[in-house]
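Notes for the structure review
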Amino acid sequence: MTATEKYRNNFLQEVIANVEEGEWVRMCMQCGVCSGSCPLGPHWEHPPQEIFMMIRANKRQEVLSSSSMWYCTSCYNCIARCPRGLPITHIMHGLAHYGRKLGVAPKELPTIKFSMLFWENLVQKGRVNELKLGLRLYFMNGFMNGIKTALKMQKIGLGMFLTKRMTPMEMLGGHGCKDAKGLQAILKKAQQIEDAKTVKQG
Amino acid sequence: MPRQYSFYPGCSSQKGASSSNYQRSVETMCSVLDIQLNDIPDWNCCSASIGYSGGGELPRIALSARNLALSEQAHPDQDVVATCAACWLATREANERLQHDAQIMTETNQALAEAGLSVKANKKIRHMVEVLVEDIGYAEISSKVKKPLEGIKIAGYVGCQTNRPFGIAGESFENPVYLDNLIAALGADPVKNYEKKVSCCGGALAFSEPEKSQALIKDILQAAVDNGANMLVTPCPVCQMNTEVYQDQINQTYGTNFKIPVVYYSTLMDIAFGKSAKEAALDGQIIKAKQLEDLASK
Ligand code: SF4
Ligand code: SF4
């Protein structure tokens, strides 16, 4: 049975079972302090407090397909202030991840693309290659857009290059872990365990 | 005997990467303060605060757990120290999750076993500024000053992740004073009540949502300028990069006129300790810190 079928009528239970730190959602007392804390607050379709309310109101599709969580800057203002001690940042990341994994997160958001690129980049060699990551980021919206972004960023790139804070050598391989294979095996196993938990509970 | 730490440098510190200047200035600072940083062998990326789209909870914890396992093996008696705020935070969060959740601990060790590793998570995970404040202390730092940074007014921009959720012991979330104290210990003049001291620069979203993040950065710079600051100082590579490199674009968008240097605390300390511009990594400034260069060449 999939998570959707089992939890069709209880999104809160699904979040508790399958979302990072999801069990905390129950503890929210709807004071709204977190919602006033997000630096990109005006761009959130539903601020965190509303997201927690919607989870309890069973609004599964609206929550998981929302762009909201993807505007989280990981500033930790909310965690520092929440009177109930909810790990709000992690719940936002957890909901974002879960929605992306189920394929219901909005596809065209730059932060989703960037976040995916970042993860793929680090999994390849165990360390992030800033140049490849940057170039793929500029070109993620197609070739012409990429050229435009690259031109706009050219001056910054030049400044970074001249101060030795960026190197074209990264294109030829660049930094990485010696035991990238071992790291990949670890990640694969961790993923298997996590997937098994989701399926088992779902 | 130098103080020794198990060091997690992080991706952006590598040669030719965006905060390689931070790394160089830290090395100089540590040589003056008799601190020895022992690199965690074959460390890997921590996934910062942005890898969560692709990486779920357990894979992300496993990343940091591999670093901890390698540190436990190579430097069993040394605290882990990171210079990057995101590295420190991700590692410390993973460490605490492992300590407090027996199931996560078991599962993480199952994953690590794939590469013949295991983790105990029994170390303290510290940011370099904790080492400075708690192990070295302001008095000792002051005693090393050869060229006091007199007459330089500096906005201590603490930002988010060295301040929340853990922060530096004894400091408040809304107005931490350790950077101000450090600035004063070097003979410079800290901006009192810098309104944007703990405001967010957009973090990783400066890449993916540049316009929205630059609106935040503009306010951080404006508050520093309004308070008469000659420069900003920060303990975080993301803060440093975001507040320095986008000033031109912000000027274009908002018709402002920012050209204010943003330096690392370690660069500031190196100059005050009488080190050369090169040793302090001043050549890594995209916006040149002229006052510090002048002092270095005196
Ligand atoms: S601050 Fe905490 S208790 Fe208040 S609405 Fe937000 S999550 Fe709920
Ligand atoms: S960490 Fe995310 S959810 Fe919390 S206040 Fe910052 S942006 Fe909002």
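Computed from a prediction, not measured in an experiment: that's the story for all the values here. (Residues numbered from 1 in each chain as written. Chains lettered and ligands numbered in written order. Predicted model: local features only at pLDDT ≥ 70, side-chain atom pairs only at ≥ 80, totals over all residues. Heavy atoms only, no water.)

Our next topic: the overall build of chain A. Looking only at helices and strands, chain A features 10 helices and zero strands. Taken from the N to the C terminus, the helices and strands of chain A come in the order α-α-α-α-α-α-α-α-α-α. A buried classification covers 51% of the 202 residues belonging to chain A. For chain A, the share of sequence-separated contacts (at least 6 apart) that also reach a separation of at least 24 residues comes to 64%. (Helix = DSSP H or I, 4+ residues; strand = E, 2+ residues; numbered from the N terminus. Buried < 20%, exposed > 50% of the residue type's maximum accessible area, 1.4 Å probe, protein only. Contact = heavy atoms within 4.5 Å.)

All names here are of chain B. Strand order in the open sheet formed by four strands is β2-β1-β3-β4, and the pairing between neighbours is parallel. At either margin of the open sheet sits one strand with a lone partner, and together these are β2 (35-39) and β4 (125-127). Strand-to-strand, the axes of this sheet are offset by a mean angle of 45°, without reference to chain direction. Packing of helix α5 (residues 128-136) onto the sheet brings it into contact with β1 (3-8), β2, β3 (80-82) and β4, and relative to β4 it is tilted by some 90°. (Pairing = 2+ DSSP bridges. Axes fitted to C-alpha atoms, helices over the stretch in contact; angles between N-to-C directions.)

So, on to the site of ligand 2. The immediate surroundings of ligand 2 are formed by 13 residues, with Cys-38, Cys-72, Cys-75, Tyr-76 and Cys-78 of chain A found nearest. For the shell around ligand 2, a count of residues per class yields eight nonpolar, five polar and no charged. (Near = heavy atom within 4 Å. Nonpolar A, V, L, I, M, F, W, Y, C, P; charged D, E, K, R; others polar.)

Below, the discussion takes up the domain arrangement of chain A. Residue and element names in this part refer to chain A. By domain assignment, chain A separates into domain 1 (3-106) and domain 2 (110-191). Facing the five residues of domain 1 at the interface are five residues of domain 2. Taking both partners together, domain 1 and domain 2 bury about 420 Å²; carbon and sulfur atoms supply 70% of that area. Scanning the region where domain 1 abuts domain 2 turns up zero salt bridges. Here domain 1 and domain 2 share zero residue pairs in polar contact (both at pLDDT 80 or more) between them. Among the residues forming the side of domain 1 that touches domain 2, the class breakdown is three nonpolar, no polar and two charged. (Domains from an automatic or database assignment. Buried area = accessible area lost by both parts, 1.4 Å probe. Salt bridge = Lys/Arg side-chain N within 4 Å of Asp/Glu carboxyl O. Polar contact = N/O pair within 3.5 Å; in protein donor to acceptor, adjacent residues only side chain to side chain.)

Attention now moves to the site of ligand 1. Taken together, 13 residues surround ligand 1, and among them Cys-28, Cys-31, Gly-32, Cys-34 and Cys-82 of chain A come closest. For the shell around ligand 1, the residue count by class is 10 nonpolar, three polar and no charged.

What follows concerns unusual backbone geometry. Following Arg-164 of chain B, the chain continues to Pro-165 of chain B via a peptide bond in cis, the omega torsion being 0°. Inspection of the secondary structure assignment puts Pro-165 of chain B in the loop between β5 (153-156) and α7 (178-185).

All right, on to the interface of chain A and chain B then. When the parts of a complex come together, some accessible area is lost, and that lost area is often used as the size of the interface. Taken together, the contacts link 62 residues of chain A with 69 residues of chain B. Carbon and sulfur atoms make up 60% of the surface buried where chain A meets chain B, a total of about 5,800 Å² over both sides. It is Trp-119, Arg-165 and Ile-186 of chain A in chain A that bury the most area against chain B; as a group they hold 13% of the surface buried on that side. Here chain A is connected to chain B by five salt bridges. Across the pair Glu-174 of chain B and Arg-81 of chain A runs a salt bridge whose closest N-O atoms are separated by 3.7 Å. Our count for the chain A to chain B interface comes out at 21 residue pairs in polar contact (both at pLDDT 80 or more). When contributions to the side of chain A that touches chain B are tallied by element, the ones reaching two or more residues are α5 (77-81), α6 (88-101), α7 (110-125), α8 (130-138), α9 (143-162) and α10 (180-201) of chain A. If you tally residues by element for the side of chain A that touches chain B, the top one is α10 of chain A, at 11 residues. Here the residues of the side of chain A that touches chain B are counted per class, giving 31 nonpolar, 16 polar and 15 charged.

The next thing to look at is the side chain of Glu-107 of chain B. Tracing the chain through its elements places Glu-107 of chain B in helix α4 (residues 102-112). Residues contacting Glu-107 of chain B, with those up to four places away along its chain left out, are Ile-193 and Lys-197 of chain A together with Leu-58 of chain B.

In this section: the layout of surface pockets. In this structure, the second largest pocket encloses a volume near 870 Å³. Lining the second largest pocket are 34 residues; nearest its centre among them are Glu-20, Glu-21 and Glu-23 of chain A together with Glu-57 and Arg-97 of chain B. Of all the secondary structure elements, the ones that give two or more residues to the lining of the second largest pocket are α2 (11-18), α6 and α10 of chain A together with α2 (57-74), α3 (85-100) and α4 of chain B. Among the elements that line the lining of the second largest pocket, the one with the most residues is α6 of chain A, at five residues. When its residues are assigned to classes, the lining of the second largest pocket shows 11 nonpolar, 10 polar and 13 charged. (1 Å grid on protein atoms, 1.4 Å probe; cavity = no way out; pocket = protein on both sides within 12 Å on 5 of 7 lines; lining within 4 Å. Points joined across faces, edges and corners; volume = space filled by probe spheres on them.)

Tallied over the entire structure, the rule returns five cavities of 30 Å³ or more. Reported here for the largest cavity is a volume of approximately 240 Å³. Taken together, 19 residues line the largest cavity, and the ones lying closest to its centre are His-90 of chain A together with Ala-48, Arg-60, Ala-90 and Glu-93 of chain B. When contributions to the lining of the largest cavity are tallied by element, the ones reaching two or more residues are α6 of chain A together with α2 and α3 of chain B. In terms of residue count, α3 of chain B provides more of the lining of the largest cavity than any other element does, six residues in total.

Moving on to the pattern of salt bridges. For the structure on display, the rule yields 19 salt bridges over all chains. Here Arg-97 of chain B ties to Glu-21 of chain A by a salt bridge, and the two come within 3.3 Å at their closest N and O atoms. Of this pair, Arg-97 of chain B sits in helix α3 while Glu-21 of chain A sits in the loop between α2 and α3 (48-56), which puts the two residues in different chains. Under the relative-accessibility criterion, Arg-97 of chain B is labelled buried at 15%. Take Glu-21 of chain A: its relative accessible area is 14%, and that puts it in the buried class. One salt bridge in this structure joins Asp-79 of chain B and Arg-126 of chain B, with 3.1 Å as the shortest N-O distance. Separated by 47 residues along the polypeptide, Asp-79 of chain B in the loop between α2 and β3 and Arg-126 of chain B in strand β4 bring together distant segments of the chain. Overlapping salt bridges, with partners in common, bring together Glu-20 and Glu-21 of chain A together with Glu-57, Arg-60 and Arg-97 of chain B in one network.

Of note, Glu-244 of chain B is situated in helix α10 (residues 237-245). Given the relative accessible area of 1%, Glu-244 of chain B is considered buried. Taking the C-alpha atoms as reference, Glu-244 of chain B lies 13 Å from Gln-222 of chain B; in sequence the two are 22 residues apart. Apart from residues no more than four positions distant in its own chain, Glu-244 of chain B is found in contact with Arg-165 of chain A together with Val-262, Gln-285, Ile-286 and Ile-287 of chain B. Polar contacts involving the side chain of Glu-244 of chain B include one to the main-chain amide nitrogen of Ile-286 of chain B, which spans 2.7 Å.

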